[in-house]
Amino acid sequence: MITHASYAVDPWTLRERGLHLEVLPQSESVFALSNGHVGWRGNLDEGEPHGLPGSYLNGVHEVHPLPYAEAGYGYPESGQTVINVTNGKIIRLLVDDEPFDLRYGLLRSHERVLDLRAGTLTRTCEWTSPAGTTVRVRSTRLVSFTQRAIAAVAYEVEAVGGPARIVVQSELVANEQLPVREGDPRAAVVLDSPLETEEHFAEDGRLRLVHRTRRSGLRIGAAADHVVRGPEPTTTQSEATGDLARLTVASPLREGERLCLEKFVSYGWSGTRSLPAISDQVDAALAAAMSVGWSGLLDEQRLYLDDFWARSDVEVDGDEQIQQAVRFGLFHVLQAGARAEQRAIPAKGLTGSGYDGHAFWDTEMFVLPLLTYTSPDAVAEALRWRQNTLPAARERAVQLGLRGAAFPWRTIAGSEGSAYWPAGTAAFHVNADIADAVVRYVAATGDERFARDTGVELLVETARLWRSLGHHDHHGTFHIDGVTGPDEYSAVADDNTYTNLMARANLLAAADAVERHPRRAEELAVDEEESAAWRDAAEAMHVPYNHELGVHEQHAGFTRYQRWDFAATRPDQYPLLLNFPYFDLYRKQVVKQADLVLAMYTCSPYFDAEHKARNFAYYEPLTVRDSSLSACCQAVVAAEAGHLSLAYDYLHEAALMDLQDLEHNTRDGLHIASLAGTWMALVAGFGGMRHHGERIEFAPRLPERFGRLAFTLELRGRRVRVDIRSREATYTLVEGEPLEIHHHGQPLTVDADKPHTRDVPRLTPRPAPEQPLHRRPNGATAAQN
Ligand code: BGC
């Protein structure tokens, strides 16, 4: 297995022993801390060496022109990119006359621990300077879940084996220089000095910088305050210039003495608030944090996470790596979404600038399902963000000559940010994905207020889009032509099955919603004729099928295309998008990521078991998984089709995407969808969970390696625990009223009387289909063979 020696396997922590500079950029991503509002990459306290310095505020971006060699009508003119805001993490250290820089001197020990229950990143190291002075440094960092504007660091230096003259500089730094990485379209646009200075302040350890972005006009405030403890005579000095505010602490330490610094940092930003208002906002947030102090922040953080784990934990017996990875994934998904509060949840969360900090359909189809059953409030907030961006989506629809709302393929602030329309604008399925997330959230929570105030509007506007994008042919069949489905190696195709089935569900959900909420329907000017037209379109929706092969087509005509020449494709030519022209990918049978296979999960009731198995066997040898979103979907369907060991390998690939840097771009930020996909592979794959309308189904089946799989879900105000072993599954109502579920098709009412145990039917294993040459899953059993 390709485990990097640097990360130890442990159920509740991610521990790096030693400092491995070659994986520094990757470790900055895996050690990133965030609450969904503020994000700090796991950069070293002293700022250097670094892979990519990163401090992010959800929603803070700059706009830049999107130049086209050949412009066309309706191309988005302006792009958005996340920017690196004021860095509040930096604490520089001078030991005698030398900067504490781990590239010099002797690093005696170095360890970093991300503690998933404490919500902290702790670092301990011992270092001898080139001149021979030894210090021990210990720092603990958190980004607060309970106080969303706050991040904090406790930093301690100790003189070891002799005296040390110590100077610590605790800083706020704006406009840091960033490394440029060219040639990979998945990295970010780097803007030089995106922040204009507006205010700088420093006095008695209190620091503040306020800046403004040049074009997007966002005002960003960062403030810091400190508690310093050191032996006499420890002196402090504060100063500020436009891009730097600094507290300098000088302390001559005798052997064994320590200098301790607690640093509290607050952030705020706004597109409308004035300079004094932002200054006051960050000062006020700081005052709240200082009033509970460092230990108060630690306590709040732990309580918040205790609560999270009580409702979300997944236990896996028999595979320590997966146990660690699923908790690591849950933690990072929580970090991405917990306090996003009506802002997007980007594909990388706030862990890096990859994909320019954009949010995609990843949010609704990968992240929100997990959060729906574990942290439903975060889902409502994420969907309210979509609702807030409806004006831009309506405008885009008008520009495209369509009705309703055309949500962007990629965005930060709501407008379309994709300059490549065949895999951007044409990927209309994002609209149905949003609708799916609405329906799932309402079905899982019964939140009627949300359904009325937010849900109906999102469903109606997306249904309108589908009705105007598609058409009835002369037989009355409804088609949606010229769109791109999830597989980005096919584009602008007719009747993509995933899109059509998801659109069908969207249209029906909208028609149902307006019936349930007639007043809202009236406000949105929906009449009976319109909702009847949605039902007609849904009922007449075309789903392409190849009768000769007995399989569903990914899109009309797909199975007729020439197959990609996998035998002639070298392993180093993956991902194909970096080595072959799109025109050739588009006209061949080659699949970037689960598309038809994903449809069999998200629209599961549409397909019978026979077709699920046949379709899976057909698409598997064509699917190259050049997207990190694929493995988890394939895991779910492989499990349902009875290929448990293949499902297990895909689970591994999804789970270890970032811990083992499988796509070699974890440095740009974590693959949040794949991390959420780990949960999906376990709960929907081996737990066999499907939730459609009122029906909640489990069809558990464990791979050989697992002794046990257990997970907790929040369902309609109840808490349910599912505990699966190879021969039986036990369902326990932890909290709330009795709930009806299905176990392998049999109804079962889970009530408070006692846990309910049911047999797990035996599966007859069948041979699993092959993958394209060189594209076997990066999983455990594959690696052993
Ligand atoms: C995938 C998309 C995904 C995007 C962001 C692309 O490689 O093909 O489906 O939304 O990455 O994760």
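Just so it is clear, the model here is predicted, and its values are computed rather than measured.

Engineer: So what exactly am I meant to see when it comes to the overall build of the protein here?
Structural biologist: From N to C terminus, the protein includes 18 helices and 35 strands. A compact globule built from 785 residues would reach a C-alpha radius of gyration of about 28 Å, and the protein, at 27 Å, matches this within 12%. The dimensions of the protein, computed from C-alpha atoms along their principal axes, are 90 × 60 × 55 Å. Counting every position in the protein, which comprises 785 residues, the buried fraction comes to 64%. In the protein, the proportion of contacts linking residues at least 24 apart, taken out of those at least 6 apart, comes to 68%.

Engineer: Would you take a moment to explain the site of the ligand for this structure?
Structural biologist: Close to the ligand lie Tyr 355, Phe 360, Trp 361, Asp 362, Trp 409, Glu 488, Lys 592, Gln 593, Ser 627 and Leu 629. Measuring from an oxygen atom of the ligand, one finds a side-chain N or O atom of Glu 488 at 3.1 Å. At a separation of 2.9 Å, an oxygen atom of the ligand approaches a polar side-chain atom of Lys 592. Here the ligand, which alone exposes 320 Å², has 93% of that area covered by the protein.

Engineer: Sorry if this is basic, but what is going on with the pattern of salt bridges here?
Structural biologist: Pairs may arise between side chains of opposite charge once their charged atoms sit close together. Applying the stated criterion across every chain yields a total of 61 salt bridges. Note that Asp 225 and Arg 206 form a salt bridge whose closest N and O atoms lie 3.0 Å from each other. Here Asp 225 is found in strand β17 (residues 219–229), whereas its partner Arg 206 is found in strand β16 (residues 206–213), with 19 residues between them in sequence. Residue classification places Asp 225 among the buried positions, given a relative accessible area of 7%.

Engineer: So what exactly am I meant to see when it comes to the packing of helix α3 (residues 320–337) against helix α16 (residues 644–655) here?
Structural biologist: How two helices sit against one another is set out by the angle between their axes and by the gap between those axes. Relative to each other, α3 and α16 sit at 50°, their axes nearing to 10 Å. When the interaxial angle is binned, α3 and α16 end up oblique. Relative to α16, the crossing made by α3 is left-handed. Contacts from Gln 321, Ile 322 and Ala 325 in α3 reach Leu 651, His 652 and Ala 655 in α16. Grouping the constituent residues of the contact of α3 with α16 by class yields four nonpolar, two polar and no charged.

Engineer: Can you help me understand the UniProt feature "domain: Glycoside hydrolase family 65 central catalytic" (unreviewed entry) in the protein in this one?
Structural biologist: Feature annotation in UniProt places "domain: Glycoside hydrolase family 65 central catalytic" (unreviewed entry) on residues 327–680, given in this structure's numbering. Split by type, residues 327–680 is 50% helix and 3% strand. Its first and last C-alpha atoms lie 13 Å apart.

Engineer: Teacher, can you tell me more about the domain arrangement of the protein here?
Structural biologist: In many reports, interface size means the accessible area that the parts give up when they come together. The domains assigned to the protein are domain 1 (7–65 + 78–304) and domain 2 (392–471 + 494–542). The gap between the C-alpha centroids of domain 1 and domain 2 is 42 Å. Each side of the interface is counted separately: domain 1 has six residues, and domain 2 has six residues. Taken over both partners, the interface formed by domain 1 and domain 2 buries close to 420 Å², and the fraction arising from carbon and sulfur atoms is 51%. Counting across the domain 1 and domain 2 interface gives zero salt bridges. In this structure, the connection of domain 1 to domain 2 is made through four residue pairs in polar contact (both at pLDDT 80 or more). By residue number, the principal contributor to the side of domain 1 that touches domain 2 is strand β7 (residues 78–82), which donates four residues.

Engineer: What should I look at first to understand the sheet that holds strand β31 (residues 718–725) in this one?
Structural biologist: The strands that make up a sheet are held in pairs by hydrogen bonds between backbone atoms, and each pair lies either parallel or antiparallel. Read from one edge to the other, the open sheet built from five strands follows the order β21-β30-β31-β32-β35, with strand pairing classed as antiparallel. Looking at the sheet topology across the chains shown, the edges are occupied by β21 (314–317) and β35 (756–759). Neighbour-to-neighbour, the strand axes of this sheet turn through a mean angle of 15°, independent of strand direction. Judged from the four bridges that link them, strand β32 (residues 728–735) and β35 form a sheet pairing that is antiparallel. Pairing of Thr 730 across the sheet is with Thr 757, part of β35. Along the sheet, helix α17 (residues 672–686) contacts β21, β30 (708–715) and β31; its crossing angle with β30, the most-contacted strand, is approximately 95°.

Engineer: Is there a simple way to explain helix α2 (residues 275–312) in this structure?
Structural biologist: A turn of α-helix holds 3.6 residues, and therefore any two residues three or four places apart point the same way. Helix length check: α2 (38 residues) gives 41 Å between terminal C-alpha atoms against 56 Å at 1.5 Å per residue, more than 12% under. The largest bend in α2 amounts to roughly 95° and is located at Gly 293.

Engineer: Quick question: what am I supposed to make of helix α5 (residues 376–388) here?
Structural biologist: For α5, spanning 13 residues, the distance from its first C-alpha to its last is 19 Å, which sits close to the expected 18 Å at 1.5 Å a residue. Buried residues in α5 make contact with α3, α4 (362–372), α6 (390–399), α7 (429–445), α8 (448–469) and α10 (518–523).

Engineer: Looking at this structure, how should I read the confidence of the model for the protein?
Structural biologist: When pLDDT drops low, the exact placement of atoms in the prediction is not to be read closely. With 98% of its residues at a pLDDT of 70 or more, the protein has an overall mean of 96. Confidence scores differ between elements of the protein, with helix α18 (residues 780–784) showing the lowest mean pLDDT of 56 and strand β23 (residues 478–479) the highest of 99.

Engineer: What am I meant to see in the environment of Gly 401 here?
Structural biologist: Positionally, Gly 401 belongs in the loop between α6 and α7. Once the C-alpha coordinates of Gly 401 and Gly 74 are considered, the two residues, 327 residues apart in sequence, prove to be 10.0 Å apart.

Engineer: Teacher, can you tell me more about the packing of aromatic side chains here?
Structural biologist: This model, assessed by the stated rule, comprises 25 aromatic pairs. Judged by centre distance (4.9 Å) and plane angle (5°), the ring pair of Phe 145 and Tyr 304 falls under stacked. In this pair, Phe 145 sits in the loop between β12 (134–143) and β13 (150–160) while Tyr 304 sits in helix α2, placing the two residues 159 residues apart along the sequence. Since its relative accessible area comes to 1%, Phe 145 is described here as buried. On the numbers, 6.2 Å between centres and 75° between planes, the contact of Trp 361 with Tyr 498 is edge-to-face. With a gap of 137 residues between them, Trp 361 in the loop between α3 and α4 and Tyr 498 in helix α9 (residues 497–516) connect regions that are remote in the sequence. Of the residues examined, Tyr 498 reaches a relative accessible area of 0% and is grouped as buried. Site record: aromatic cluster; members linked through ring pairs are Tyr 355, Phe 360, Trp 361, Phe 366, Trp 409 and Tyr 498. Of note, Arg 208 hangs over the ring of Phe 201, and the distance from its end group to the ring centre comes to 4.7 Å. Positioned above the aromatic ring of Tyr 574, the side-chain terminus of Arg 775 is 4.2 Å from the ring centre.

The rules behind the values
- Residues numbered from 1 in each chain as written.
- Predicted model: local features only at pLDDT ≥ 70, side-chain atom pairs only at ≥ 80, totals over all residues.
- Heavy atoms only, no water.
- Helix = DSSP H or I, 4+ residues; strand = E, 2+ residues; numbered from the N terminus.
- Rg over C-alpha atoms; globule rule 2.2 N^0.38 Å.
- Buried < 20%, exposed > 50% of the residue type's maximum accessible area, 1.4 Å probe, protein only.
- Contact = heavy atoms within 4.5 Å.
- Near = heavy atom within 4 Å.
- Polar contact = N/O pair within 3.5 Å; in protein donor to acceptor, adjacent residues only side chain to side chain.
- Areas by Shrake-Rupley, 256 points an atom, 1.4 Å probe, with all protein chains shown as cover.
- Salt bridge = Lys/Arg side-chain N within 4 Å of Asp/Glu carboxyl O.
- Axes fitted to C-alpha atoms, helices over the stretch in contact; angles between N-to-C directions.
- Parallel < 35°, antiparallel > 145°, perpendicular 65-115°, else oblique.
- Left-handed = near helix turned anticlockwise from the far one by under 90°.
- Nonpolar A, V, L, I, M, F, W, Y, C, P; charged D, E, K, R; others polar.
- UniProt positions renumbered as here; feature names shortened; annotations may be inferred.
- Domains from an automatic or database assignment.
- Buried area = accessible area lost by both parts, 1.4 Å probe.
- Pairing = 2+ DSSP bridges.
- Expected span 1.5 Å × (residues − 1).
- Bend = angle between axes of the 7 residues up to and from the residue.
- pLDDT = per-residue confidence, 0-100.
- Phe/Tyr/Trp six-rings, centres within 6.5 Å; stacked < 30°, edge-to-face > 60°.
- Lys NZ or Arg CZ within 6 Å of the ring centre and 35° of its normal.

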